[in-house]
Amino acid sequence: MVSIDIQNAYVDFPIFDAKSRSLKKAVLGKAGGRIGTESKVPIIEALRDISVSVRQGQRVGLVGHNGAGKSTLLRLMSGIYEPTRGRARIEGKVAPVFDLGVGMDPEISGFENIMVRGLFLGMTRKQMQERVDDIAEFTELGDYLSMPLRTYSTGMRVRLALGVVTSIDPEILLLDEGIGAVDSDFLAKARDRLNALVERSGLLVFASHSDEFLVDLCDTAIWMDHGQIREQGPLREVLAHYKGRDVVAELAERR
Amino acid sequence: MSSTVSAHAGQAAEQPEAAPSRSWRRATGDLALGWRQRTLWGYLGWQDIKQRYRRSVLGPLWISISMGVLATGLGILYAALFQNDYRQFLPYVATGLLIWNFISGCVLEGSEVFISNEGLIKFLPAPLTLHVYRLVWRQTLFFLHNLVIWAILVVIFPQPLGWSLLLALPAFALLVVNGFWVAVLSGIIATRFRDIPPIIASVVQLVFYMTPIVWDYGQLAKNPNVAERARLAELNPVMHFLEILREPLLGEPIVWRHWVVAGAITVLGWVAALLVLRNYRSRVAYWV
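Residues numbered from 1 in each chain as written. Chains lettered and ligands numbered in written order. Predicted model: local features only at pLDDT ≥ 70, side-chain atom pairs only at ≥ 80, totals over all residues.

### Examining the overall build of chain A
Stated precisely, the cut-off is as follows: Comment: elements are numbered from the N terminus, with helices defined as DSSP H or I runs of at least four residues and strands as E runs of at least two. To sort residues by burial, count the other C-beta atoms lying within 10 Å of each one's C-beta; a count of 20 or more means buried, 12 or fewer means exposed, and anything in between means partly exposed. C-beta atoms are built from the backbone. Note on contacts: each residue gets a C-beta atom placed from the backbone, and two residues are in contact if those atoms are within 7 Å.
For chain A, the count of helices and strands is nine helices and nine strands. Per-residue burial for chain A yields a buried fraction of 44% across its 255 residues. A separation threshold of at least 6 residues defines the contact pool for chain A, and within that pool the share at least 24 residues apart is 75%.

Following this line, the structure appears as C-alpha cells:
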C-alpha cells in the first residue's frame, strides 16, 4: 500500500557558523570550561509538529508563503531528511522533481541525463533503454536530446525531468514549484499523464504558488505556515482560507 | 522502496534526539542499498573520469601519461640522489607512486565526499554510501590507468616476478576495502567539522615523505647513521599498505608482518566507520 504517514515530526537544523562548526570550539571549549558546548549551536525549527497522512490516489497541493516549509516537508516525505523528533513512514517508490539543476550533468547529452536520472530513481539500465523512446516522444525534444544539457532552456529541462519521472511508474510523486517554466500546452499533456499515474498506483504532492496548477493537479491541500500545518482539507476550502477569497470559483468563471 | 523513519516523540526537547534512526539495520541497509545501485555509481564513476578529460584529444590516456612523466622524473632524480641504479629504482618509485596515488586519492577525496555531493544529498533520496562507492570506484579506475605505467616499466626493466604476483589481487582488494572505511569515517566527521579536510590535506603531504616511496626502507635501515630514524616509518600505517601491494608487483620477497598490520587496521577502521555510520548517517543531510 502506497502511503506517507508522518506523526508529530520535527525537522531541526543546527546552524553552525564558521566558529561553532570548527573543531577549535569543541577542543578548546573543553579545556577552558563550558563555553561553546554543543547546546549553544542555534537551531532552526524548519518543521514543527507535523502530522500528515497521504494515501494512494490522493493529489495534495502544498501552499504557503516563501520559507513556510513547503520544500522541507517535501524532502521529509522523500526520506532525504529523517525527522529529528517524531516519526515518518514512507511506503512506495519515491520520485522527486525538486531542483532541476541537481542530478543533471550539463556536459552530457539529454539521452545520457535521462539514463542517470532513471538510475538514480532505482531503474536499471535496460529498463531505461526501453523507455527512452517514450520519453523522447513525450518531451518533444527530438534531436535536441543528443545535445549537451547546457544548451537547454529551463523549460526544456523541466520537460526532461517530468518525462523521466512520469515514465518510470513511480508510486510517490513529489513536485516542487519550478515546473511552472513549461508552456501551457505541455502542462496540459503533463497533467493528463500525472493524473493517469496517480489513478494507476500512486499519490502526488505538489508545492506551488500558481492557483491554476494547483486546481489542475490537486484535490486536497495543506497550508503551511511558519513550519507548521495551518490547515489541511479539500483544495477549495484551504485555498479560499489561504487567499481570503474563493479562488477556485474565480478560475471557473474565467474559463 | 520502503522506509521507516522515526525518533522519540519527546516534547520540546533541548537537543534533537533520534533513536530508531540510529540502528544497525539502517546502517547496513544503507551499505546494501548502495551496493545494489552499482550500475549507477559505476556509470557516475566513469562519467567523472570522462568529464575531467572531455574535449581533450587523448582523453583519459592523460592519466597514464602524467603518471609516467612524474614517475620517470622522480625515479631518475632520486636514483641519482641515493646513488642507486635507475634500472632498479625507476620501477620501484613508479610502483610506489601509483599505489600512493590510490591511497591519497581515497583519503583526500574521502574527507570531502559528502561535502562535494551536497546537491545530490539534498535533492535526491539515495543511500549515503552511494557517494563512497562512486569515489572508491573512480579511484580504482585511476589506479588501473596508472597500472599501464607499471606494465611498461616491468617490460623495459625486467623484475624477478613470480607466482607471488597473484598476491597483488588480494592486496589491492584490501586497499579498496580500506579506502571505503576511510571515506565513510572521515567524510561524515568532516561534514560536521569543516576543519578536517585541510588538516587531512596537510597530513597527507607529510605522510608522502614518511612513506618509502622515493626512498628505500631497507637501504636506510642498513645505514647505521639513520637506521634509528628510518624505523619510525614502521609506525606509519600507509607503509604497510604500500608494501603489501608493491612487494608482489616487483617480485620482492613477501614480508607477512605488513599483512598482519594491514589486516588489523582494516578491522579497527571498519568498526569505527560502522559506528559513525550508525550514529550519524541520518545527520549528514542536515549538516551538508
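### Structural notes on the overall build of chain B
Let me state the cut-off plainly: Within these notes, the globule rule equals 2.2 Å times the number of residues to the 0.38 power, and the radius of gyration is based on C-alpha atoms.
Regarding its fold elements, chain B presents 13 helices and one strand. The helix and strand sequence of chain B, counted from the amino end, reads β-α-α-α-α-α-α-α-α-α-α-α-α-α. Relative to a compact globule of 288 residues, whose C-alpha radius of gyration would be 19 Å, chain B shows 21 Å and is just as compact. For the C-alpha atoms alone, the extent of chain B along its principal axes is close to 70 × 50 × 35 Å. Scored against the burial criterion, the 288 residues of chain B give a buried share of 38%. In chain B, of all internal contacts separated by at least 6 residues, the share reaching a separation of at least 24 is 76%.

### Thoughts on the confidence of the model for chain A
Residues and elements named next belong to chain A. Defined as follows: Every residue carries a pLDDT, the predictor's confidence in it, which falls somewhere between 0 and 100.
Looking at chain A as a whole, its pLDDT mean stands at 85, while 89% of the residues score no less than 70. The secondary-structure element of chain A with the lowest mean pLDDT is helix α1 (residues 23–32), recorded at 55, while strand β8 (residues 220–225) shows the highest, at 94. Below a pLDDT of 50 lies the segment residues 30–37, which in the model reaches five contacts outside its immediate sequence neighbourhood of four places, other chains included.

### Examining the environment of G75 of chain B
Residues and elements named next belong to chain B. For G75, the position within the fold is in helix α3 (residues 61–81). For G75, a count of 24 C-beta atoms within 10 Å gives the class buried. Residues G75 and W215, spaced 140 residues apart in sequence, show a C-alpha to C-alpha distance of 9.8 Å. Look past the residues within four positions of G75 in its chain and what remains in contact with it is Y86, F89, L90, V93 and A94.

### Re unusual backbone geometry
Although it is not a glycine, D169 of chain A sits at a positive phi angle of roughly 50°. Along the polypeptide, D169 of chain A turns up in the loop between α5 (154–167) and β6 (172–175). At Q83 of chain B, a residue that is not glycine, the phi angle is positive and equals roughly 50°. On the basis of neighbour counts, which here come to 7 C-beta atoms within 10 Å, the residue Q83 of chain B falls in the exposed class.

### Some points on the sheet that holds strand β5 (residues 94–97) of chain A
Residue and element names in this part refer to chain A. Condition: When DSSP finds two or more bridges between two strands, those strands count as paired. Axes, fitted as lines to C-alpha atoms, cover a helix only where it is in contact. Angles between the N-to-C directions of the axes lie from 0 to 180 degrees.
Ordered by their spatial adjacency, six strands build an open sheet running β5-β6-β7-β3-β8-β9, and the pairing between neighbours is mixed. Edge positions in the sheet fall to β5 and β9 (228–234), since each of these pairs with one other strand and no more. Averaged over all neighbouring strand pairs, the angle between strand axes comes to 15°, with direction disregarded. When strand β3 (residues 59–63) meets β8, the two strands line up parallel, connected through four bridges. From the neighbouring strand, V63 faces β8, where its bridge partner is W223. Sheet contacts for helix α2 (residues 70–78): β3, β5, β6, β7 (203–207) and β8; angle to β7, the most-contacted strand, approximately 155°.

### Details of α2 of chain A
Within α2 of chain A, eight of the nine residues are buried, leaving the element largely enclosed by the surrounding structure. Of the residues making up α2 of chain A, those classed as buried are K70, S71, L73, L74, R75, L76, M77 and S78 of chain A.

### Things to note about the pairing of β8 of chain A
Where β8 of chain A and β9 of chain A come together, six bridges link them in antiparallel fashion. Bridging across to β9 of chain A, W223 of chain A finds its partner in E231 of chain A.

### Thoughts on the environment of A264 of chain B
Residues and elements named next belong to chain B. The residue A264 is located in helix α12 (residues 256–280) in this model. A tally of 12 C-beta atoms within 10 Å means that A264 is categorised as exposed. Measuring from C-alpha to C-alpha, the distance between A264 and V132 comes to 22 Å, with 132 residues separating the pair along the chain.

### Describing the environment of A161 of chain A
Residues and elements named next belong to chain A. Residue placement: A161 occurs in helix α5. Residue class for A161 comes out buried when judged on the 25 C-beta atoms lying within 10 Å of it. A sequence separation of 57 residues divides A161 from M104, and the C-alpha atoms of the two residues are 9.1 Å apart.

### Regarding the confidence of the model for chain B
Residues and elements named next belong to chain B. A residue-level look at chain B finds 93% of positions with pLDDT of 70 or above and a mean pLDDT of 89. Across residues 1–19 the pLDDT falls below 50, and counting only partners more than four positions away or on other chains, this stretch makes 44 contacts in the model. Note on the complex model: pTM 0.88, ipTM 0.84.

### Quick look at the packing of α5 of chain A against helix α6 (residues 184–201) of chain A
All names here are of chain A. Keep this limit in mind: Orientation labels follow simple angle bins: below 35 degrees gives roughly parallel, above 145 gives roughly antiparallel, 65 to 115 gives roughly perpendicular, and whatever is left gives oblique. By definition, turning the near helix anticlockwise from the far helix through less than a right angle yields a left-handed crossing, and turning it clockwise yields a right-handed one. Residues are grouped as follows: Ala, Val, Leu, Ile, Met, Phe, Trp, Tyr, Cys and Pro are nonpolar; Asp, Glu, Lys and Arg are charged; every other residue, Gly included, is polar.
Following both chains from N to C, one finds α5 and α6 inclined at 20°, their axes separated by 11 Å at the closest point. Between α5 and α6, the interaxial angle falls into the category roughly parallel. The element α5 and its partner α6 pack so that their crossing is left-handed. Residue-level contacts link R159, L162 and T166 of α5 to F186, A190, R193, L194 and L197 of α6. Taken together, the residues that form the contact of α5 with α6 break down as five nonpolar, one polar and two charged.

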